[in-house]
Each structure stands twice: as structure tokens, then as C-alpha cells.
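# Fold and geometry: a report
Here are the chains, one letter per residue:
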Amino acid sequence: MSEHIIDINHLVKSFGDNSVINDLSLSVSKGEVVVLIGPSGCGKSTLLRCLNGLEPIQGGSVSLHGEAVEHGSAGLHKIRQKIGMVFQSYDLFPHMTVLKNVILAPVKVQKRDKAEATEAALALLDRVGLKDKADAYPSELSGGQKQRVAIVRSLIMNPDIMLLDEITAALDPEMVHEVLNVVLDLAKNGTTMMIVTHEMAFAEAVADRVVFLDGGVIVEEGAPAEFFHNPKTERAQRFLKTFTYSR
Amino acid sequence: MNFLKKIGAVISAAILTLSLAACANTENSSGASGGSESGSFRTIDEIKAEGRITIGVFSDKMPFGYVDNSGDYQGYDVYFARRIAQDLNVELELVPVEAASRVEFLQTAKVDIILANFTVTEERSRQVDFALPYMKVALGVVSPDSAVISSADELNGKTLIVVKGTTAETYFTENYPDVKLQKYDEYNEAYSALQDGRGDAFSTDNTEVLAWAMSNPGFTVGVESLGSIDAIAPAVTKGNTELLDWLNEEIKALGEEQFFHADYDATLAAVYGDTVDKDNLVVEGGEM
Amino acid sequence: MRGIEVLFLGNNMLRLLSGLWVTVRLALISIGFSLVLGSALGAVMTLKNPVVKVLTRVYLEIIRIMPQLVFLFIVFFGVTKLTGANLSGEVSAVIVFTLWGTAEVGDLVRSAFGAIPKHQFESGASLGLSKLRLYLYVIFPQALRGLLPNIINLSMRMIMTTALVSLIGVTEVLKVGKQIIDANRFDYPNAAIWVYAAIFLLYFLICFPLSLISRRLAKRRADK
């Protein structure tokens, strides 16, 4: 657990005058699952987007294996092949079947053999329980199924890290489980991940390390058992309290 | 985006104004010189050199200019156009025009001559040059065979059907105050009023009533020519004096052989009948 | 049924068909040019440059405000008056319909691209697709699907509007119809209804398949 996949150094991100991330530094090691939590607007989704070069940054740096990730740079699409990202909204390509969605990037970007990519795609779809949906169009899938396909679509690229941005936030409650089980399975198999989520039970189960953000800075970080049951900072305690109910 | 819509509207208006101004300009500047001017007319030599004359005619105004079922141009105007090409010893190209675009076709010299039932008016004379007339139109009065009205004076005290806004309405209001006018908006309403006997007679352009009487037995045009007479003449681009002079000479020469009577027999007789006094419609030698 | 025989007199049927061909040819050529130029315009319109935005918007509004008839007159007669260049009626018609079509296609392309959710761009980019591939495989096919029914719709409107070109001396199907009615108005006073019925049928034969395709495409899009 020593090799760094992602290094964030003194990252500053703002939208106009509105500062979202203030001088934030964080590293993720190979095989590690880091869960970002915090109140809405704390900058956790923005942070994830910065890691993929989707947002221009105003200071500091982000690097993958020491290679700078820069918004708008010419080589960005090459680095992005090594970073898988799944969004909150269903972002499958509606005009392609599930299988075509999954093999588009491996064939067109990584220049892999189509038969090999198809085989890999079907194996991954099987792993998430959707092999029989390979020829279906996204409109024929439920929200949970779409998100599982989206995960497979990123996974087939063999990325160095997966970024999951609130992937269950738009799902009906009964579908949350099927998606999160897939993520837990990935974690068990050693996939490096950075996850933004509001599902606290899931966060505790999946995380190697929990990072609590507020106001664009890391307020507290630590092992999940420690963080969830014995938070050190007052802000984290207040935040966690909003998830518990009592009469 | 409302603001941009307004800008669009303003610019459209500007384009319209400019193009109108351009029209006006052409009118004023097209003097006798013509030759080198933009959209300029062709001289007779140029027409002969190219071996082709273009003449604008109607393609759906039977019996003046129309296309028959074989797809060939026919009619009183077309008959004359063919003779013009023949006498110039050039090929004839007929261009279909609409009433609304006749003046523009000449101003832009897209045709050499317009022969499209073109009535001479003061306003048009400022925009195009009219040659001598080859036809004329006046008012006519149609009435039932049982009580034929054969002069305008016979209408005094009787009911005359007219269509609102026509020359007939103005003419009878001003000159025959004792005629009771029954006014209709549409021609077909007026004709059915006549057929139902709601009036004693109906008056409008003589070409119109003559044609109608031909296809409606039981009615006669008792008055074939009445009121002010409108001349129908060929027109050329303003300033094309050479072609204009040639046309005038041609019309005079054709008068000697009674060409337009022959034209009448070939094209108008089928619509207006043989019994009509041809001299009420045909003009020979340019003399009204 | 009196009057229907007019359709079969002389060359009348053939004339109507060749009039229809004039109509269809004008519309096809204009749409062809409009697609190429309109796609370029649409691409330009998606730029965020404010000057470009204002210019294209104003162009669009001018085209929409200006009646096509006035436009035909300006191009057919106005250009000759101003420059002396003698454009034929058909060329003028193609210019006018292309200017109109380009504006409409441009706006359709702009809105078709605008209608594609931002996440489609982002998830495509996240997969490592270069900009070219992203547009080629992800964005264009989706935009095209939204675009096609509208383009077909525009083509049909264009076919209908070609009836105006008789004013600048081009004889299309409706004008042929009027010629036939007029040439036979004494012998067959009831021919008009049959001639118009025939023209309606011809328009229908051209436009109905187009509208079927368009509806099917629109439906398929709604499904996905």
C-alpha cells in the first residue's frame, strides 16, 4: 500500500469568486478505497471532477502516476483512459446497445481486438449479472442496471483508479443495493477507488479510509470504524448526527 | 433574444427599403443610353446577332396567353409574338410571366418585350415604354335574350348588376345616376344574380362579358363597347427606343394586311364568338 | 365526374409530372446545400463567442421575418438591378431556398447539439475518447437522430413553398395545374377540382412517405 496512484497537491478550485476547494492535498495508494463524505456543497464532487480534468483548476496540481492531469491539455484523453469515472446521472450512450456501449472505448481508443473486447465485456457483464442484457438498449434498462453497465464500461478499460460520483443518488431505494454490491465486489478484488456517496452504511463497509470534507478542506480523515463511531472533530460529529434518528 | 429579434426586423426593413430604392433608381437612370448599364436591354442588332428574342407572355390567361393541352403556347398575344420573331428572323423564346411581375421583367431586361395583355396606364408608362396598341378593352353590358339592353340609355330606371371596385361601378355612378346599381363582391355572385333575374343586366369589361355570354346560351352582349377605352400594347424596357420604333413600324405594317383581325379569328373567335364586332376589341395599325 | 378527362388530354399528365419534378428538384438541391451550409452554421452557432451569436441570430431573424416571396423578388430582380448579373429563375430560387434552409438547419443543428446532456460529453471524455471520436461516435449520431425528423419536416415545407417560384418565371407543378385549368375553362368548367385533386395527390405521394419516416424516427427517439 505504498505506491501512489493519485496525488493531489495544494489544489485550489473556484467558480468565479466562489472558492470551492482550498489548498487541498490528498493521495490515494494502489488498491485503496477512499470514500469522500461531507455536506452538500462541500466540494467533494468537484474534487472528483478535478481528478479527471473535467474542471479547470486555479492552483496546485493533480497527477496520476506522477503525470499531470490538466483540463484542456492535449494529452488529457490518454491519461483519462487510466481513470474510470461513473456519474450520478445515467450516462450510457442511448443510441448504442449495452454491449456497444461497453466495447466502444476499448476498440476505438485502446485499439483492442473487437472479439477480445466483446469477450471481456460479456465476462464483466456476467459479473454484474447483466449478461442477458448485452443486446438491450439503455432505454430498456432500469436505473440500477444502467449504473451497473456504466461501471462495467469504465472497468473494461482496466483503469488504474475508479472515480464514483454519487452513483446511487438518482436511484430508487430498491436499486441502490444491487449497484453498491457491485462496488463492494470491486473493492474486495483490490480495485483502487475514490467514492463520493451519501450512503453511510455502504461507506463504512467499503472504505479503507474515510475523508470528511467541509468548506473545501479536509476536516477529518481516518479508518471507517474510527470515523463513524468515534469522530474526533465537532463538525464531523454534527454531520454524522444528521444520519441518525431517535424519538 | 427579443432584442436580437428587433435587430433582425430592422435589418429586414432596411433591405426592403434598399431594394425599393434600387428599383426607383433604375427607373430614373435608365435614359436613352442604356447600352452599358446594369441589367441593360438588348438592341435589335444584339437580338439578331444572338438569333433569339425573349417575349414575356401569360401562360394561364386564356385566350390571350396560355398553354394548351399539348404543352404549346397559344393565344392572341402569342400569335403576335410568333409573328414578331418571324419578321425579325430570329428564334422565339416565350417566358411565362405573372401580372405582378411584368414591369420587373422589363426593368431587369430579363425579357425583350412583354406581350401579356398589358393595359397602358400613366403610372406604367413611367416605368416601361409602351408601343402602339394592338387591342383595346372597354365596358360591355350583358342581358337576357328576352330583354336585350342594346344601349346604356335603355338602362335608366332599370337595375344594373356590377361588381364592387370595378370600372363599371365608377362609370355608371358618374355618368348614369338614374341607373339603379346592385353591387356584389364576387364575379360569380354577380353572374348568378343575372341568371336569377335579380337585375336587368350586368356590366364589366367587355372581354369578360363576351366570353361569358358565349358559354351561357340565353344571354347576349347588347352593348359591346362603352365608357373609356383602355389600350393594350406591347411594352419594352424604358429607353429601348430602337426596339420600340421597330415595334411601332411593325404594328403599322401589320395593319395593312389586317393581321390582328386574323389573330382574332385564330384565337379570340372561339371565346368571343363570330358575331361580335371585331373592331370593338382589335386595333389595327395602332389606331384606336 | 365531368372534368376529370382534362387530366388525360394531350400531354397534361406528363406536364404535371414534369412540373412535379421541377418542384422536387428545386427542393432537393436546396436542401442539399442547406444541409452542408446549415451544419457549418450550426457548428459556428454552438460557439460561445458573443459576436458570432449575435450575427447568426440576426441572420436567422432576417430570414424568418422576410417573406419568401419578397426574397425571391429581391434575388431574381434585385440582384440584376444592382449588379447586372442575370440569374435564372431556378438559380434564384435555389439561392433563396438555400439561404432559408441554411438558417433553419443551422438553428436545428444548434438546438440538436444543445439538447444533448452535458453528461454525454463528460462520460464520453472520461472514457478517453478524443474530441474527434467523441463527436463521431457519441454526439453526432445522437444529434442526427433528433435532427432527421426536423430536416424532413423542413424539406416538406420547402416542397410546398416552391409554388411561389412561378412568380419569377419557373413553371412548377401548381403552375402547370393552373395552366391546364385555364386552357380548358370553357370546355371543362369543372376541371379545376380534378386538377387540384391530382396535384394534391402528387404532393401527397411525395410528402406522405417522408412524413411516415419522420414520424417513425421521432417515435424511435422517444423510445430511447
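Residues numbered from 1 in each chain as written. Chains lettered and ligands numbered in written order. Predicted model: local features only at pLDDT ≥ 70, side-chain atom pairs only at ≥ 80, totals over all residues. Heavy atoms only, no water.

## Overview of the interface of chain C and chain B
Contacts between the two partners involve 37 residues from chain C and, on the opposite side, 40 residues from chain B. Counting the surface lost from both chain C and chain B, the interface buries some 3300 Å², and carbon and sulfur atoms represent 66% of this. Per-residue buried area on chain C facing chain B is highest for Phe77, Lys81 and Phe186 of chain C; these three make up 21% of the total on that side. Here Asp60 of chain B and Lys175 of chain C are joined by a salt bridge, their closest N and O atoms 2.8 Å apart. Connecting chain C to chain B are 17 residue pairs in polar contact (both at pLDDT 80 or more). (Contact = heavy atoms within 4.5 Å. Buried area = accessible area lost by both parts, 1.4 Å probe. Salt bridge = Lys/Arg side-chain N within 4 Å of Asp/Glu carboxyl O. Polar contact = N/O pair within 3.5 Å; in protein donor to acceptor, adjacent residues only side chain to side chain.)

## Examining helix α7 (residues 187-195) of chain B
All names here are of chain B. Residues of α7 that are buried include every one of Ala190, Tyr191, Ala193 and Leu194, and no others. The buried residues of α7 occupy one face: seen down the axis, they fall within an arc of 155 degrees. Next to the buried residues of α7 lie β8 (135-144), β9 (159-163), β10 (180-184), β11 (201-205), α8 (206-215) and β12 (219-232). Gly197 lies just past α7 and shows a positive phi near 75 degrees. (Buried < 20%, exposed > 50% of the residue type's maximum accessible area, 1.4 Å probe, protein only. Helix = DSSP H or I, 4+ residues; strand = E, 2+ residues; numbered from the N terminus. Arc of directions from axis to C-beta.)

## Some remarks on the sheet that holds strand β8 (residues 193-196) of chain A
All names here are of chain A. Spatially, the six strands line up as an open sheet ordered β6-β7-β8-β3-β9-β10, and their pairing is mixed. What marks the edges here is a single partner per strand, and that holds for β6 (83-86) and β10 (217-222). In this sheet, adjacent strand axes meet at a mean angle of 20 degrees when their direction is disregarded. The sheet contact formed by β6 and strand β7 (residues 161-165) spans four bridges and is parallel. Its bridge partner lying in β7, Ile83 is registered against Ile161. Contacting β3 (33-37), β6, β7, β8 and β9 (209-214), helix α1 (residues 44-51) crosses the sheet at an angle of about 150 degrees to β8. Lying over the sheet, helix α6 (residues 173-188) contacts β3, β7 and β8, oriented at roughly 150 degrees with respect to β8. (Pairing = 2+ DSSP bridges. Axes fitted to C-alpha atoms, helices over the stretch in contact; angles between N-to-C directions.)

## Points about the interface of chain C and chain A
Interfaces are often sized by the amount of accessible area the parts lose when they come together. The partner chain A presents 26 residues to the 20 residues of chain C that form the contact. Both faces considered, chain C and chain A share a buried interface measuring about 2000 Å² in area, 61% of it formed by carbon and sulfur atoms. Connecting chain C to chain A are one salt bridge. Ionic pairing is found between Glu122 of chain C and Arg49 of chain A, a salt bridge with its closest N-O pair at 2.5 Å. The tally of links between chain C and chain A comes to seven residue pairs in polar contact (both at pLDDT 80 or more). Secondary structure elements with two or more residues in the side of chain C that touches chain A: α5 (118-126) and α6 (131-161) of chain C. Classifying every residue of the side of chain C that touches chain A by side-chain character gives six nonpolar, eight polar and six charged. (Nonpolar A, V, L, I, M, F, W, Y, C, P; charged D, E, K, R; others polar.)

## Describing the domain arrangement of chain B
Residue and element names in this part refer to chain B. Along its sequence, chain B is carved into domain 1 (3-135 + 231-280) and domain 2 (138-229). At the junction of the two partners, domain 1 supplies 12 residues and domain 2 supplies eight residues. When domain 1 packs against domain 2, close to 690 Å² is buried across both sides, 60% of that on carbon and sulfur atoms. At the surface where domain 1 touches domain 2, the tally comes to zero salt bridges. Here domain 1 and domain 2 share two residue pairs in polar contact (both at pLDDT 80 or more) between them. (Domains from an automatic or database assignment.)

## Digging into the nonpolar core
Residues Ile37, Ile151, Val183, Met193 and Ile195 of chain A are the most contacted members of the largest nonpolar core, which totals 114 residues. Ranked by residues supplied to this core, first place goes to helix α4 (residues 89-114) of chain C with 11 residues. Sequence-distant contacts of Ile195 of chain A, that is, excluding residues within four places in its chain, are made with Val33, Val34, Val35, Leu36, Leu164, Val183, Phe202 and Val206 of chain A. (Core = buried A, V, L, I, M, F, W, Y, C linked by side-chain atoms within 4.5 Å.)

## Brief notes about the packing of aromatic side chains
For any pair of aromatic rings, geometry is given as the distance between the ring centres together with the angle between the planes. Residues and elements named next belong to chain C. On inspection of all chains with the given rule, the structure shows 30 aromatic pairs over all chains. Aromatic side chains Phe113 and Tyr135 sit 6.3 Å apart centroid to centroid with 45 degrees between the ring planes, which places their arrangement in the tilted category. Pair noted here: Phe113 is in helix α4 and Tyr135 is in helix α6, with a separation of 22 residues, a long-range link. Since its relative accessible area comes to 15%, Phe113 is described here as buried. Under the relative-accessibility criterion, Tyr135 is labelled partly exposed at 27%. (Phe/Tyr/Trp six-rings, centres within 6.5 Å; stacked < 30°, edge-to-face > 60°.)

## Some remarks on the pairing of β3 of chain A
Residue and element names in this part refer to chain A. Taking burial as the measure, the five residues of β3 include five buried ones, the bulk of the element. Because side chains alternate across β3, one face comprises the buried residues Val33, Val35 and Ile37, and the other comprises Val34 and Leu36, equally buried. Inspection of the sheet shows β3 paired to β8 by four bridges, in the parallel sense. Pairing of Val34 across the sheet is with Met194, part of β8. Pairing analysis gives four bridges linking β3 to β9, with the strands arranged parallel. Residue pairing across strands places Val34 opposite Arg209, the latter belonging to β9.

## Details of helix α6 (residues 167-175) of chain B
Of all the residues in α6 of chain B, the buried ones are Ala168, Glu169, Tyr171 and Phe172 of chain B. Residues of α6 of chain B that are buried sit in contact with β8, β9, β10, β11 and β12 of chain B.

## Details of the packing of helix α3 (residues 68-83) of chain C against α4 of chain C
Residues and elements named next belong to chain C. The geometry of α3 relative to α4 is characterised by a closest axis approach of 9 Å and an angle of 130 degrees between their N-to-C directions. In terms of orientation, α3 and α4 fall into the oblique class. Where α3 crosses over α4, the two elements pack in a sense that is right-handed. Contacts between α3 and α4 involve Gln68, Phe71, Leu72, Val75 and Phe76 on the former and, on the latter, Gly89, Ser92, Ala93, Ile95, Val96, Leu99 and Trp100. Residue composition of the contact of α3 with α4, grouped by class: nine nonpolar, three polar and no charged. (Parallel < 35°, antiparallel > 145°, perpendicular 65-115°, else oblique. Left-handed = near helix turned anticlockwise from the far one by under 90°.)

## Looking at a nonpolar patch on the surface
Taken together, the side chains of Phe200, Leu201, Phe204, Leu205, Phe208 and Leu212 of chain C define a hydrophobic patch exposed on the protein surface, amounting to about 600 Å² of accessible area. By the element assignment, Phe200 of chain C lies in helix α8 (residues 191-223). (Patch = residues over 30% accessible without salt bridge, like charges linked within 9 Å, V, L, I, M, F, W, Y side chains within 5 Å. Areas by Shrake-Rupley, 256 points an atom, 1.4 Å probe, with all protein chains shown as cover.)

## What to know about the environment of Met62 of chain B
Within the secondary structure layout, Met62 of chain B lies in the loop between β2 (60-61) and β3 (65-67). Along the primary structure Met62 of chain B and Gly239 of chain B are separated by 177 residues, whereas in three dimensions their C-alpha atoms are 31 Å apart. Look past the residues within four positions of Met62 of chain B in its chain and what remains in contact with it is Val271 of chain B together with Asp182, Ala183, Arg185 and Phe186 of chain C.

## Re the sheet that holds strand β13 (residues 235-237) of chain B
Residues and elements named next belong to chain B. Ordered in space as β5-β1-β6-β13-β7, the five strands form an open sheet in which the pairing is mixed. The sheet is open, and its two edges are formed by β5 (91-96) and β7 (128-130), each paired on a single side. Both strand β1 (residues 52-57) and β5 contribute to a ladder of six bridges, which runs parallel. Bridge pairing in β5 places Ile53 opposite Leu92. This element, helix α9 (residues 241-256), spans β6 (113-114), β7 and β13 of the sheet and lies at about 165 degrees to β13.

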